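Okay, here's what each chain looks like letter by letter:
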Amino acid sequence: AHSLADPEFAALALEQLERAGLPPSVLCFEVREALAVSRRRETEAFVAALTAAGCTVVLDNCGTGFGALGELPPLAVSELKIDGSFVRRIETDPVAESIVASLAHAARALGVRTAAQHVESAAVAERLRALGIDYGQGYHLGRPMPLAEQLAELGDRRAESVA
């Protein structure tokens with residue numbers, strides 16, 4: 001909320017990236033759906049500035065308020081991240097599954113990617129794939145780890161793929 005309220009924040013973030021010698025494509029910002037709805041004008045300016053520079057902007061916790069769905073086209077986000085409260089119940093609650101399917105359908109119509117939070121089992125991951133969800137987050141897919149370990153693991157994978 002504080003970042004959106006500061007009209008200079010997007011420029012500051014991009015300046016810091018340039019100073020670090022990093023391309024904007026490595027930076028991903030997440031904006032909560034409820035905040036995007038309550039601060040629409042600030043969110044539009046924030047998203048426009050960052051996406052124009054090449055950053056990724058994700059609308060987080062999608063589905064919790066349903067208010068942002070009608071506001072999505074002007075936001076021009078790169079991805080919708082579906083709230084885990086629906087994903088957790090996808091196997092047992094037809095309404096939760098319907099909400100996830102609807103969000104996936106809306107994202108496809110807008111030409112944006114989808115991610116699901118709280119993917120905790122192979123069955124949930126498979127169901128999400130069947131619904132057309134692009135990415136997942138959760139313990140079934142991987143545990144959180146320190147950045148240094150993650151970078152080392154990525155380096156090992158790159159070395160294996162070259163060999």
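Bear in mind the structure is a predicted one, so any value in this text is a computation, not a measurement.

Student: Is there a simple way to explain the nonpolar core in this structure?
Tutor: General note: in soluble globular proteins, nonpolar side chains tend to be found buried as a group. Formed by 37 residues in total, the largest nonpolar core has its most connected members in Leu50, Val100 and Leu128. When residues of this core are assigned to their parent elements, the largest contribution, 6 residues, is made by helix α7 (residues 94-110). Excluding its chain neighbours within four sequence positions, the residues that come into contact with Leu128 are Val87, Ile90, Val100, Ala116, Val119 and Ile133.

Student: Would you take a moment to explain a nonpolar patch on the surface for this structure?
Tutor: There is a patch of nonpolar side chains on the surface, built from Leu147, Leu151 and Leu154 and spanning about 290 Å² of accessible area. In this fold, Leu151 is placed in helix α9 (residues 147-162).

Student: Mind showing me how you'd approach the pairing of strand β4 (residues 113-116) here?
Tutor: Consecutive side chains of a regular strand alternate in pointing toward one face of the sheet and then the other. Alignment of strand β3 (residues 79-82) against β4, held across 4 bridges, turns out to be parallel. Within β4, the position partnered with Glu79 by the bridge is Arg113. Direction of pairing for β4 relative to strand β5 (residues 135-136): parallel, over a ladder of 2 bridges. Its bridge partner lying in β5, Ala116 is registered against Gly136. Note that the unit made of β4, helix α8 (residues 122-130) and β5 has a crossover that is right-handed.

Student: Honestly, the state of the cysteines in this entry has me stumped. Any pointers?
Tutor: A complete count under the given rule lists 0 disulfides for this structure. Distance from the sulfur of Cys28, which forms no disulfide, to the nearest cysteine sulfur (Cys55) is 8.9 Å.

Student: Sorry, what's going on with the sheet that holds β4 here?
Tutor: The strands making up a sheet associate through hydrogen bonds between their backbones, and the pairing can be parallel or antiparallel. Spatial strand order, β1-β2-β3-β4-β5: 5 strands in an open sheet with parallel pairing. Sheet topology places β1 (28-32) and β5 at the edges, where each strand pairs with a single neighbour. With respect to the sheet, helix α4 (residues 40-53) is in contact with β1 and β2 (56-62), its orientation differing from that of β1 by roughly 165°.

Student: Sorry if this is basic, but what is going on with the packing of helix α2 (residues 9-20) against α4 here?
Tutor: Two numbers describe a pair of packed helices, the interaxial angle and the distance between the axes. Their axes nearest at 9 Å, the elements α2 and α4 cross at an angle of 25°. If you check the angle between α2 and α4, you find them roughly parallel. Considering the relative orientation of α2 and α4, their crossing is right-handed. Across the interface between the two elements, Phe9, Ala10 and Leu14 of α2 pack against Phe46, Ala49, Leu50 and Ala53 of α4.

Cut-offs applied
- Residues numbered from 1 in each chain as written.
- Predicted model: local features only at pLDDT ≥ 70, side-chain atom pairs only at ≥ 80, totals over all residues.
- Heavy atoms only, no water.
- Core = buried A, V, L, I, M, F, W, Y, C linked by side-chain atoms within 4.5 Å.
- Buried < 20%, exposed > 50% of the residue type's maximum accessible area, 1.4 Å probe, protein only.
- Helix = DSSP H or I, 4+ residues; strand = E, 2+ residues; numbered from the N terminus.
- Contact = heavy atoms within 4.5 Å.
- Patch = residues over 30% accessible without salt bridge, like charges linked within 9 Å, V, L, I, M, F, W, Y side chains within 5 Å.
- Areas by Shrake-Rupley, 256 points an atom, 1.4 Å probe, with all protein chains shown as cover.
- Salt bridge = Lys/Arg side-chain N within 4 Å of Asp/Glu carboxyl O.
- Pairing = 2+ DSSP bridges.
- Right-handed = clockwise from strand over helix to strand, strands pointing away.
- Disulfide = S-S within 2.5 Å.
- Axes fitted to C-alpha atoms, helices over the stretch in contact; angles between N-to-C directions.
- Parallel < 35°, antiparallel > 145°, perpendicular 65-115°, else oblique.
- Left-handed = near helix turned anticlockwise from the far one by under 90°.

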